[in-house]
Amino acid sequence: MKAIKILERALVSIPIMFGVAIIVFLFMRLTPGDPVDIMMGRGGVVSAGEIEKLRSEFHLDQPLYVQLWIFLKDAVRGNLGFSYVQKTPVTTLIKDRLPATIELAVAALIFSLIIAIPIGILSAVRQNSLFDRLSMAGAFLGISMPGFWMGIILILIFAVKLHWLPVQGRIDFDARLAQGSGFFILDSLLTGNRAALVSTLRHLILPGITLGAMEAAVVARVLRSSMLETFRSDYVVLARAKGAPEWSVVIKHALRNALIPTVTVIGLQVGVLLGGNMIVETVFSWPGLGRMVVSAIFARDFPLVQGSVMVYALTFVLANLVVDVLYTYLNPKITL
Amino acid sequence: MEMTPPVSQPTNRLMHVWRIQIKLWRRSTREFLQELYQHPTTLVGGIVVIIYILAAIFAPQITSYDPAKGNLRERLKPPAFLEGGMAKYPLGTDDQGRDLLTRIIYGARISLLVGSISVGISVLIGTALGALAGFYRGKLDALISRFADLLMAFPFLIFAIGVMAFIGSGINNLIMALIFKGWVEFFRVVRGEMMSEKTQEYVEAAKVTGRGNLAIIVWEILPNIVQSIFVLATLRIGEMIIMEASLSFLGLGIPPHIPAWGSMVASGRNFMLAAWWVSTLPGITLMILVLSINLFAEGLRDILDPRLKTIA
């Protein structure tokens, strides 16, 4: 029964994705500037015949709705177009860079939850104590700090001055890691390459913390306030009256319910994670999707920007779907 | 005593409503200020924001340097409190020999302007559309809501970057990119509030006395909603300012000779070892501003409308 509901929800996402594709496509077509000119680059003389050939190859001579139809048809089949500037299919480029971005995003999520959940719980349990005040002040600082600046400061302190952690990139130059899935942690585990694993983890720390910091701050605050609310509710009073041990009251009863609004916020923050990716990837020279999009924008490589934006939007919609499903497991009263 | 029917004397009634409104405002302002004194962090936040605003307005009076042109012989000088620094460059100079303090103060203009204008226009658009959609419902509501849902499918920064990729950079386009997604949140809040207020009795009463729909929306319902909108708006200003700084950092915002904190941090990255202050100090200034705005806005929310705690 539930599986059907999940499928239903997933199907609803499809029209949204179509809408996204149409918006992205329209944006690209409404841009001033002839794509063929961009493709030809600035130098040299090109014959009119060449230009005509290119135009028909990229369907630029067809009316707008035909172009839209071709674009949608291709997109559904996984063909996101052809990059003018890099002379490679967009899908290939995205596939190359996606694992790096995903590894970073997952690392950020893990860092933020490891920090935020204990802090949120402890702050609620020891309300108004020094720990509570300090951690909430820290959380407040976290949401006010711009991500790019935090990254730069972390690099300055930990990499440049203290030399504890590397400055940039995903892995040391001299680490020999076999090309596998593109997920360096997975690859190094599978090939038993301990040096590469250590190197990858060291490189993940600073960018992961930078990306995860703001999310950690928001989650900690929301968790704390929702736990405080659940402490006041009847079932907690009952649990205490029953004589249940305090840790059981906190974890089994209060936390379970307090997690509900928290999971919502985590889901909302996925969007921030995806967006913040670009900033952090630029600051740490991380070879991921975000940095590629930024340089694609500067190079006026519209198909690449278009394809990447669509991938981002798809990930976002999927992540929201996952969060919604998780929701129903946390609170059986809520149905999809 | 003869009761004049309200419908036949609209102007009188309007003035009556406004007189009561002003009296309420004056009393609530006094109460508000009293509350403010009891929340010192909020007060501090508000004062710092005012200092920033004043500094931005009176920038030419405060510093005599030109923020755009520098003296190349004086490049990368350290701030006055480090060794090698001089008093005439209190915060040092950047790679073009421009005084950093001057650029930081002028940078406040951009941040404050972009932040307030983008939030302001987002509020206007979102409120107008939300009020209409929430009140009239029907096809209009369905259309706009679907469009808003579609926009929500994009993460904010990516959407802004995407928009700017296509329409170009520059401060106007930056503001437009921020507004393009910013209005959605206000639209949703106003629409929700409008739908719930519509069922209240005073709306029923207004309809019975023959007031037109538009008048009801503007004069009866909106004044009740304005407070929550205001609080939400102040909470978002900080976020918009960080967005602007992030976009400038990526090079998508303001042309580099115009001082903006984001691009200053970006250009200073190349000199981190030699001159860390070029990147760090604008960042600190930005953080303090956003911190103060957030302190003030959160305090405002706690005073005026605590139930917004779940949204923000």
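S.K.: Tell me what's going on with the overall build of chain B, and back it up with residues and numbers.
M.R.: Scanning chain B from terminus to terminus reveals 11 helices and 0 strands. Seen in sequence order, chain B has helices and strands lined up from the N terminus as α-α-α-α-α-α-α-α-α-α-α. Each principal axis of the C-alpha distribution contributes one length, and for chain B these read about 85 × 45 × 35 Å. Out of the 312 residues in chain B, the part that is buried amounts to 43%. By sequence separation, contacts in chain B at least 24 residues apart represent 68% of the contacts at least 6 residues apart.

S.K.: Explain the overall build of chain A to me, using residue names and the numbers behind them.
M.R.: From N to C terminus, chain A includes 13 helices and 0 strands. The N-to-C order of helical and strand elements in chain A reads α-α-α-α-α-α-α-α-α-α-α-α-α. Burial status across chain A gives 38% buried among its 336 residues. Relative to all contacts within chain A whose residues are 6 or more apart in sequence, the contacts with residues 24 or more apart total 71%.

S.K.: Account for the environment of B:Val203, with residues named and values stated.
M.R.: Residue position: B:Val203 is located in helix H8 (residues 201-208). When the C-alpha atoms of B:Val203 and B:Asn213 are compared, they prove to be 9.7 Å apart, with 10 residues separating the residues in sequence.

S.K.: A description of the interface of chain B and chain A should follow, citing residues and the corresponding values.
M.R.: Each side of the interface is counted separately: chain B has 32 residues, and chain A has 37 residues. Sort the elements by how many residues they give to the side of chain B that touches chain A and helix H11 (residues 277-304) of chain B lands first, with 8 residues.

S.K.: I'd like a rundown of H8(B), residues and numbers included.
M.R.: Taken across its 8 residues, H8(B) has 0 buried, putting it largely on the surface. Looking one or two places after H8(B), you find B:Gly210, whose phi comes out positive at around 90°.

S.K.: I'd love a proper account of the confidence of the model for chain B, names of residues and values included.
M.R.: Residues and elements named next belong to chain B. Of all residues in chain B, 92% attain a pLDDT of 70 or more, and the chain-wide mean is 80. Ranking the elements of chain B by mean pLDDT puts helix H1 (residues 10-38) last, at 72, and helix H4 (residues 100-136) first, at 89. ipTM for the predicted complex: 0.77, alongside a pTM of 0.80.

S.K.: An account of unusual backbone geometry is requested, with residue identities and associated values reported.
M.R.: For residues other than glycine, phi is negative in most cases, and the peptide bonds are mostly trans. A positive phi angle is found at A:Asn128, which is not glycine, with a value near 65°. As for its position among the elements, A:Asn128 is in the loop between helix H5 (90-125) and helix H6 (130-144).

S.K.: Describe the packing of H6(A) against H11(B), listing the residues and the values that go with them.
M.R.: Running from N to C, H6(A) and H11(B) cross one another at 115°; their axes reach a closest spacing of 9 Å. For the crossing formed where H6(A) meets H11(B), the hand is right-handed. Seen from H6(A), the contacting residues are A:Phe140, A:Leu141, A:Ile143 and A:Ser144; seen from H11(B), they are B:Met287, B:Val290, B:Leu291 and B:Asn294.

S.K.: So, helix H9 (residues 194-231) of chain A: which residues are in play, and what are the values?
M.R.: For H9(A), spanning 38 residues, the distance from its first C-alpha to its last is only 46 Å, which falls clearly below the expected 56 Å at 1.5 Å a residue. The largest bend along H9(A) reaches roughly 40° and is located at A:Gly212.

S.K.: Can you break down the packing of H4(B) against helix H5 (residues 138-152) of chain B residue by residue, with the values?
M.R.: Residue and element names in this part refer to chain B. Close contact between H4 and H5 brings their axes to 7 Å; oriented N to C, the two are set at 135°. With respect to their mutual orientation, H4 and H5 come out oblique. Where H4 crosses over H5, the two elements pack in a sense that is left-handed. Contacts between H4 and H5 pair Leu129, Leu132, Ala133 and Tyr136 from the former with Gly138, Leu140, Asp141, Ile144 and Ser145 from the latter. Residues belonging to the contact of H4 with H5 are distributed by class as follows: 6 nonpolar, 2 polar and 1 charged.

Conventions adopted
Residues numbered from 1 in each chain as written. Chains lettered and ligands numbered in written order. Predicted model: local features only at pLDDT ≥ 70, side-chain atom pairs only at ≥ 80, totals over all residues. Helix = DSSP H or I, 4+ residues; strand = E, 2+ residues; numbered from the N terminus. Buried ≥ 20, exposed ≤ 12 C-beta atoms within 10 Å, placed from the backbone. Contact = placed C-beta atoms within 7 Å. pLDDT = per-residue confidence, 0-100. Axes fitted to C-alpha atoms, helices over the stretch in contact; angles between N-to-C directions. Left-handed = near helix turned anticlockwise from the far one by under 90°. Expected span 1.5 Å × (residues − 1). Bend = angle between axes of the 7 residues up to and from the residue. Parallel < 35°, antiparallel > 145°, perpendicular 65-115°, else oblique. Nonpolar A, V, L, I, M, F, W, Y, C, P; charged D, E, K, R; others polar.

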